[in-house]
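Structural description and commentary
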Amino acid sequence: MPRPISASVSVSALAHNLAAVRRHLDAAAHEAGTAAPSIWAVIKANAYGHGIERAVAGFSAAQGLAMLDPAEAVRCREAGWGGPILMLEGFFDAADIELFDRYHLTTVIHHREQLDLLESRRPARRLDAYLKVDTGMGRLGFPEAGYREAYARARYLREAGVLGTLGKMTHFATADGPQGIAQALARFERAAAGLPGPVSLCNSAATLRFPLAGAGAGQAAWVRPGICLYGASPFEDVPAQAYGLLPAMTLRSEIIATRRLRPGDAVGYGSLFRAPEAMRVGVVACGYADGYPRHAGTGTPVAVGGVPTRVLGRISMDMLVVDLQPAPHAGVGTPVVLWGEDGPSVDEVARAAGTIGYELLCAVAPRVPFEPSGRNQGEPQ
Ligand SMILES: *Cc1c(COP(=O)(O)O)cnc(C)c1O
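Residues numbered from 1 in each chain as written. Predicted model: local features only at pLDDT ≥ 70, side-chain atom pairs only at ≥ 80, totals over all residues. Heavy atoms only, no water.

Moving on: the site of the ligand. Lining the immediate surroundings of the ligand are Val42, Lys44, Tyr48, Leu88, His171, Asn203, Ser204, Arg224, Pro225, Gly226, Ile227 and Tyr358. In the model, an oxygen atom of the ligand is placed 2.5 Å from a nitrogen or oxygen of the tyrosine 48 side chain. Within the contact set of the ligand, an oxygen atom lies 2.7 Å away from a side-chain nitrogen or oxygen of tyrosine 358. When the ligand is considered free in solution it has 390 Å² of accessible area, and contact with the protein chains removes 93% of it. Here the residues of the shell around the ligand sort into 6 nonpolar, 4 polar and 2 charged. (Near = heavy atom within 4 Å. Polar contact = N/O pair within 3.5 Å; in protein donor to acceptor, adjacent residues only side chain to side chain. Areas by Shrake-Rupley, 256 points an atom, 1.4 Å probe, with all protein chains shown as cover. Nonpolar A, V, L, I, M, F, W, Y, C, P; charged D, E, K, R; others polar.)

Okay, here's the thing in structure tokens:
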């Protein structure tokens, strides 16, 4: 028997979450009397650890897909995705321009070197592009002061037949927090005022809080939600269920041993947990080498045989220990849900470990087998 750990992805939960975001956008647009934004479903980092092919199946109703690894874009085409693909970091060198051309990828242009490359190497077809403003992330994009000059160069490339659609975009640094997007949006609007073309501004947090940012004014808008489509929350203080989202990934294992502790007996490296009274504990086949966060300490939520309980002591490389007091019938072979359906949310586990759900979803280790997304996992039929 293989080691009992596995992960599964519900393709129908992915589709459900996309539909929930769609309804959220439609309702806001209806109320404002404006056209609803289109959705680029963000599937970078192997679809936040869920698998590119599963994401292509789950997000088939999206208007576009967004990612940044050219190899993942090719996988989308090979999986049959014929719609737009937005490459969030653009092309990295001249050879990529040919690949973008061949697979019909839409590029982000965030740096002057990319404009230089386009001026010296002409793709066979017009390349669709979004020109990015840095509105406070301090990472990719032209600064507000340099944006109009960059746009003028891009417009010239368009007139020369090199570029096709020319859109405008930015990425918000504080959409999930108290600062919100007001300052960044003001910067974007100053930089892009009067320049034609579609706009793309909102990540998950902005899509959920400010669904119409950048919409209206007679220009097409595209949002770029990622994490919420996987059923996790972009916010520290609002759970994904508050938006009707379902967890797409479930990480499961089993109890492989049990122990009866006497008062004062310790558990795990460093003896960080000591039993305050006689108690039964279970050893679970899941550790940090599987991608479970080592910093999740005593009290991290976990479900054993469907019953909520807690992790005890330090996480080992291959194992962790759970409190069996709330699950007296659990024994060797009892199923354990580390996060996902019928267990704690990935966000709750992440919070206990001082990180965010994004990191845990992306970091499930290659040694963890993913169950085929068969009918019982909700593959569309
Ligand atoms: C990752 C990313 C997104 C999606 O962010 P979420 O917080 O997962 O919604 C959107 N836009 C860009 C440029 C990104 O890098």
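What follows covers the domain arrangement of the protein. Domains assigned within the protein are domain 1 (10-234) and domain 2 (249-372). Here the C-alpha centroids of domain 1 and domain 2 sit 38 Å apart. On the domain 2 side, the residues contacting the 10 residues of domain 1 number 8 residues. Between domain 1 and domain 2, a total of about 820 Å² is buried, with carbon and sulfur atoms accounting for 62% of that surface. For the interface between domain 1 and domain 2, the tally reads 0 salt bridges. Our enumeration of links across domain 1 and domain 2 arrives at 1 residue pair in polar contact (both at pLDDT 80 or more). Class assignment for the residues of the side of domain 1 that touches domain 2 results in 6 nonpolar, 3 polar and 1 charged. (Domains from an automatic or database assignment. Contact = heavy atoms within 4.5 Å. Buried area = accessible area lost by both parts, 1.4 Å probe. Salt bridge = Lys/Arg side-chain N within 4 Å of Asp/Glu carboxyl O.)

As for its placement among the helices and strands, threonine 106 is situated in strand β5 (residues 106-109). The class of threonine 106 is buried, set by a relative accessible area of 7%. (Helix = DSSP H or I, 4+ residues; strand = E, 2+ residues; numbered from the N terminus. Buried < 20%, exposed > 50% of the residue type's maximum accessible area, 1.4 Å probe, protein only.)

This part is about the pattern of salt bridges. In this structure the tally under the stated criterion is 13 salt bridges. Of the charged contacts in the structure, one is a salt bridge between aspartate 290 and arginine 3, with a shortest N-O distance of 2.8 Å. Here aspartate 290, found in the loop between β14 (279-284) and β15 (301-304), pairs with arginine 3, found in the segment before β1 (6-9); they are 287 residues apart in sequence, far enough to count as distant. Between aspartate 116 and arginine 153 there is a salt bridge, with the nearest N and O atoms lying 2.6 Å from each other. Of the two residues, aspartate 116 is situated in helix α6 (residues 112-120) and arginine 153 in helix α7 (residues 147-159); the sequence distance between them amounts to 37 residues. Connected via shared salt-bridge partners are Arg3, Asp290, Asp318 and Arg367.

With that settled, the discussion passes to the nonpolar core. As a rule of thumb, soluble globular proteins bury nonpolar side chains together. Ranked by internal contacts, the top residues of the largest apolar core, which has 111 residues, are Ile43, Phe59, Tyr292 and Trp339. The element contributing the most residues to this core is helix α1 (residues 11-32), with 6 residues. The residues that make up this core include at least three from each of domain 1 (10-234) and domain 2 (249-372). Counting 9 residues, the second largest nonpolar core, distinct from the first, contains Leu261, Phe273, Ala275 and Val321. (Core = buried A, V, L, I, M, F, W, Y, C linked by side-chain atoms within 4.5 Å.)

Across the 5 residues that make up strand β18 (residues 335-339), a large majority, 4, are buried. Bridge count for strand β11 (residues 249-261) against β18 is 4 bridges, and the pairing is antiparallel. Counterpart to glutamate 254 in the pairing with β18 is proline 335. The sheet contact formed by β15 and β18 spans 2 bridges and is antiparallel. Within β18, the position partnered with alanine 303 by the bridge is valine 337. (Pairing = 2+ DSSP bridges.)

The subject of this paragraph is unusual backbone geometry. Backbone geometry places asparagine 46, a non-glycine residue, at a positive phi of 55 degrees. For asparagine 46, the location among the structural elements is in helix α2 (residues 44-48). According to the relative accessible area criterion, asparagine 46 is partly exposed, its value standing at 26%. Phi at tyrosine 48 is positive, roughly 50 degrees, even though this residue is not glycine. Relative to the elements of secondary structure, tyrosine 48 occurs in helix α2.

Here we take up a positive patch on the surface. A cluster of like positive charges, contributed by Arg122, Arg126, Arg148, Arg155 and Arg158, occupies part of the molecular surface. The class of arginine 122 is exposed, set by a relative accessible area of 54%. (Patch = residues over 30% accessible without salt bridge, like charges linked within 9 Å, V, L, I, M, F, W, Y side chains within 5 Å. Lys, Arg positive; Asp, Glu negative; His and termini not counted. Charge placed at Lys NZ, Arg CZ, Asp CG, Glu CD.)

Contact geometry of α6 with α7 gives a least axis separation of 11 Å together with a crossing angle of 20 degrees. Comparing the axis directions of α6 and α7 gives the class roughly parallel. When you trace α6 past α7, the crossing you get is left-handed. Packed against α6, whose contacting residues are Arg112, Leu115, Asp116, Leu118 and Glu119, the element α7 presents Ala150, Arg153, Ala154 and Leu157 at the interface. Taken together, the residues of the contact of α6 with α7 break down into 5 nonpolar, no polar and 4 charged. (Axes fitted to C-alpha atoms, helices over the stretch in contact; angles between N-to-C directions. Parallel < 35°, antiparallel > 145°, perpendicular 65-115°, else oblique. Left-handed = near helix turned anticlockwise from the far one by under 90°.)

A separate point is the packing of aromatic side chains. Scanning the model with the defined rule gives 9 aromatic pairs in all. The interplanar angle of 20 degrees and the centroid separation of 4.7 Å between the aromatic rings of tyrosine 48 and tyrosine 230 together place this pair among those described as stacked. Remark: tyrosine 230 occurs in the loop between β10 (221-223) and β11 and tyrosine 48 occurs in helix α2; sequence separation between them is 182 residues. Judged by its relative accessible area of 2%, tyrosine 230 is buried. Judged by centre distance (5.7 Å) and plane angle (75 degrees), the rings of phenylalanine 59 and tyrosine 230 are edge-to-face. Here the residue phenylalanine 59 occupies a position in the loop between α3 (52-58) and β3 (64-67), and tyrosine 230 occupies one in the loop between β10 and β11, the gap between them amounting to 171 residues. Across this residue pair, the class does not change: phenylalanine 59 and tyrosine 230 are buried. (Phe/Tyr/Trp six-rings, centres within 6.5 Å; stacked < 30°, edge-to-face > 60°.)

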